[in-house]
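The primary structure of each chain is shown beneath.
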Amino acid sequence: MDHFLYRDGALFAEDVPVAEIAAQVGTPFYLYSTATLTRHFRLFDEALHGMPHMVCYAMKAASNQAILKTLADCGAGMDVVSGGEYARAIAAGVPGDKIVFSGVGKTEEEMRTALTHGIRQFNLESEPEMERLNRVAISMGVVAPVTVRVNPDVDAKTHAKIATGKSENKFGIPIARAREVYARIAQMKGLKAVGIDVHIGSQLVDLEPYRLAFQKVGELTDALRADGHDIQRLDLGGGLGIPYTRGNEAPPLPMDYGNLIRETLGDKGCEIEIEPGRLVAGNAGIMVSQVVYVKSGEGRDFLILDGAMNDLIRPAMYDAHHDIVPVVEPAAGVEYQPYDIVGPVCESGDTFAKQRMMPPLAEGDLVAFRSAGAYGAVMASEYNSRPLIPEVLVNGDQFAVIRARPTFDEMINRDTLPEWL
Ligand code: LLP
């Protein structure tokens, strides 16, 4: 459920007409709903009720300060994967002891920063990283809390580019080697193992891969405890999928996922951490764009929008489907027609949808890309020298620009000329 609905023939974001925001902000832009963000966060919180837990929002999905602050105010921790994300989390007021640090390439500088300002745990992804963090922590006279991200060799049955739990993926340490690695950590003065971490992929629409992975984590918990390790937390990653097509898809609900966790790991007496990103932010955001031209090609009509692949890369990168809806509600009985919906960037890959059935549209009409809140704005670039598009947050009947559109001068002035030019 989200809060982008038609009311009196027009698309609203909560209680604000989307067209009104477009008139003030200009297109294209991202638009988020506070009510949807907080609702989705709470669904996870409630799904884990009765178990000690922390929901660490995977801020890679959408990391605007206003979004982070909204979620932090609901009690969210954060899952970060870079020094930049760590700095954003701290800037949004998230205390260090609610931040978990994931990622395969943590640098010494990132480790030092997190150890200085506070960290709940590092999710270690390799032995070289383990050695380095140990050295860094010892040099600072501290002990770094860690989990080891184990790779359970489970097929997440999702798009190959976002599956992470198979043995051929770059993530984690093979689960078969975990006991050896924990034994090594126990000898290290700079590290303290506090739990186990696993994350098998993103946009999972089936719970079975989770069941397999969680069972393996449960067995490993028992084995490590028998070896004398103090396993207190289980970080189960993120990845729960969302419906991208209205009506046709019914991925598992956070409550089903929570029940599966309870069933497979609830008896371990561990604190459960999860790192959802897409389900929190995905359907809490839309991208609003305007039709620049309607062009009749050979046997097909193109809707050329002012939004492009640099603004929303998911269709070009993963062949992802986003529902695209007109901001003015189509009249009942109107005949739909197929369009290729494209952006102005000079690549054929700048295609959002092919032969998509839409009501007839004309120059100047507004459309909204649904389910664009996660991995939308954060993956944008300035390709074709198109400045990053603004982000806007709605809350009830109010809205605010939470990231302004840079001017061309601001974009150009980031470049500097060497003295010989
Ligand atoms: N935890 C870890 C360690 C992750 O790598 C990820 C996502 C998450 C949590 C959050 O997963 P989520 O709940 O959002 O599925 N750009 C791609 C998705 C990449 C996901 C990367 N890792 C897309 O647009 O589909």
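In every chain, residue numbers begin from 1 and rise along the written sequence. In view of the model being predicted, local features appear only for residues whose pLDDT reaches at least 70, and side-chain atom pairs are presented and counted only at 80 or more, with totals across whole chains, interfaces and linings using the full set of residues.

- As annotated in an unreviewed UniProt entry, the protein is Diaminopimelate decarboxylase from Pseudooceanicola nitratireducens.
- UniProt positions are given in the numbering used here, feature names are shortened, and annotations may be inferred rather than shown by experiment. Taken directly from UniProt, the Function (unreviewed entry) text for the protein runs: "Specifically catalyzes the decarboxylation of meso-diaminopimelate (meso-DAP) to L-lysine."
- UniProt, in its Cofactor (unreviewed entry) section for the protein, records the words "pyridoxal 5'-phosphate".

Digging into the site of the ligand
Then comes step 1: Near, as applied to residues and a molecule or strand, means the residue's backbone-placed C-beta atom lies within 6 Å of it. Not every one of the 21 residues close to the ligand is listed here, only the nearest: Ser202, Gly238, Gly277, Arg278 and Tyr375.
Then comes step 2: At the level of elements, helix 10 (278-281) and helix 11 (314-318) are the ones that each hand at least two residues to the shell around the ligand.
Then comes step 3: We call Asp, Glu, Lys and Arg charged. Ala, Val, Leu, Ile, Met, Phe, Trp, Tyr, Cys and Pro are nonpolar, and the rest, Gly among them, are polar. Its residues placed into classes, the shell around the ligand shows nine nonpolar, eight polar and four charged. A run of H or I in DSSP becomes a helix once it reaches four residues, and a run of E becomes a strand once it reaches two; helices and strands are each numbered from the N terminus.

Some points on helix 5 (residues 108-117)
Then comes step 1: For the exposure call, what matters is how many other C-beta atoms sit within 10 Å of a residue's own: 20 or more marks it buried, 12 or fewer exposed, and in between partly exposed, using C-beta atoms placed from the backbone. The complete set of buried residues in helix 5 reads Glu110, Met111, Ala114 and Leu115. Down the axis of helix 5, the buried set is contained in an arc of 125 degrees. They therefore lie on one face. Facing away from the buried side of helix 5 by more than 90 degrees, the exposed set consists of Glu108, Glu109 and Thr116.
Then comes step 2: The contact rule is simple: place each C-beta atom from the backbone, and if two of them lie within 7 Å, those residues are in contact. Residues of helix 5 that are buried make contact with helix 4 (83-91), strand 7 (99-101), helix 6 (127-140) and strand 9 (144-151).
Then comes step 3: Looking one or two residues past helix 5, Gly118 carries a phi angle of roughly 115 degrees, positive in sign. The reported arc concerns the directions from the helix axis to the C-beta atoms and nothing else.

Quick word on the sheet that holds strand 2 (residues 10-13)
Then comes step 1: Reading across the sheet, the three strands line up as 1-2-3 and stay open at both edges, with antiparallel pairing between neighbours. Of all strands in the sheet, those bounded by a partner on one side alone are strand 1 (4-7) and strand 3 (16-17). Following DSSP output, two strands are said to pair if at least two bridges run between them.

Some words on the nonpolar core
Inside soluble globular proteins, nonpolar side chains tend to come together where they are buried.
Then comes step 1: Counting residues in each nonpolar core, the largest one holds 117 residues, and the members touching the most others are Leu31, Tyr57, Leu133, Val146 and Ala368.
Then comes step 2: For this core, the leading source of residues is helix 8 (residues 208-226), giving six residues.
Then comes step 3: For the domain bounds, the source is a domain assignment made automatically or taken from a database. Here this core gathers at least three residues from each of two domains, domain 1 (4-31 + 282-412) and domain 2 (34-281).
Then comes step 4: Those residues in contact with Ala368 that lie beyond four places of it in its chain are Phe4, Leu11, Val18, Ile286, Val288, Val325 and Val327. What makes a nonpolar core is a set of buried Ala, Val, Leu, Ile, Met, Phe, Trp, Tyr and Cys residues, with links drawn between C-beta atoms within 7 Å.

Points about helix 4
One turn of an α-helix holds 3.6 residues; hence residues three or four places apart share an orientation.
Then comes step 1: Every buried residue of helix 4 is accounted for by Glu85, Tyr86 and Ala89. The buried side chains of helix 4 occupy one side of the element, clustering within an arc of 105 degrees when seen end-on. Every exposed residue of helix 4 that faces more than 90 degrees away from the buried side is listed here: Gly84 and Ala91.
Then comes step 2: Buried residues belonging to helix 4 abut helix 3 (65-73), strand 6 (77-80), strand 7 and helix 5.

Some points on the UniProt feature "binding site: substrate" (unreviewed entry) in the protein
Then comes step 1: The feature "binding site: substrate" (unreviewed entry), as given by UniProt, occupies Arg278, Arg314, Tyr318, Glu347 and Tyr375 in the numbering adopted here. Across 98 residues of sequence, these annotated residues are also dispersed in space, with a maximum C-alpha separation of 27.4 Å.
Then comes step 2: Position of Glu347 relative to the elements: it lies in the loop between strand 17 (337-342) and strand 18 (351-358).
Then comes step 3: On the neighbour-count criterion, Glu347 (14 C-beta atoms within 10 Å) is partly exposed.
Then comes step 4: Here Tyr375 lies in the loop between strand 19 (366-369) and strand 20 (391-395).
Then comes step 5: With sequence-adjacent residues up to four places away left out, Tyr375 is seen in contact with Ala61, Arg278 and Arg314.

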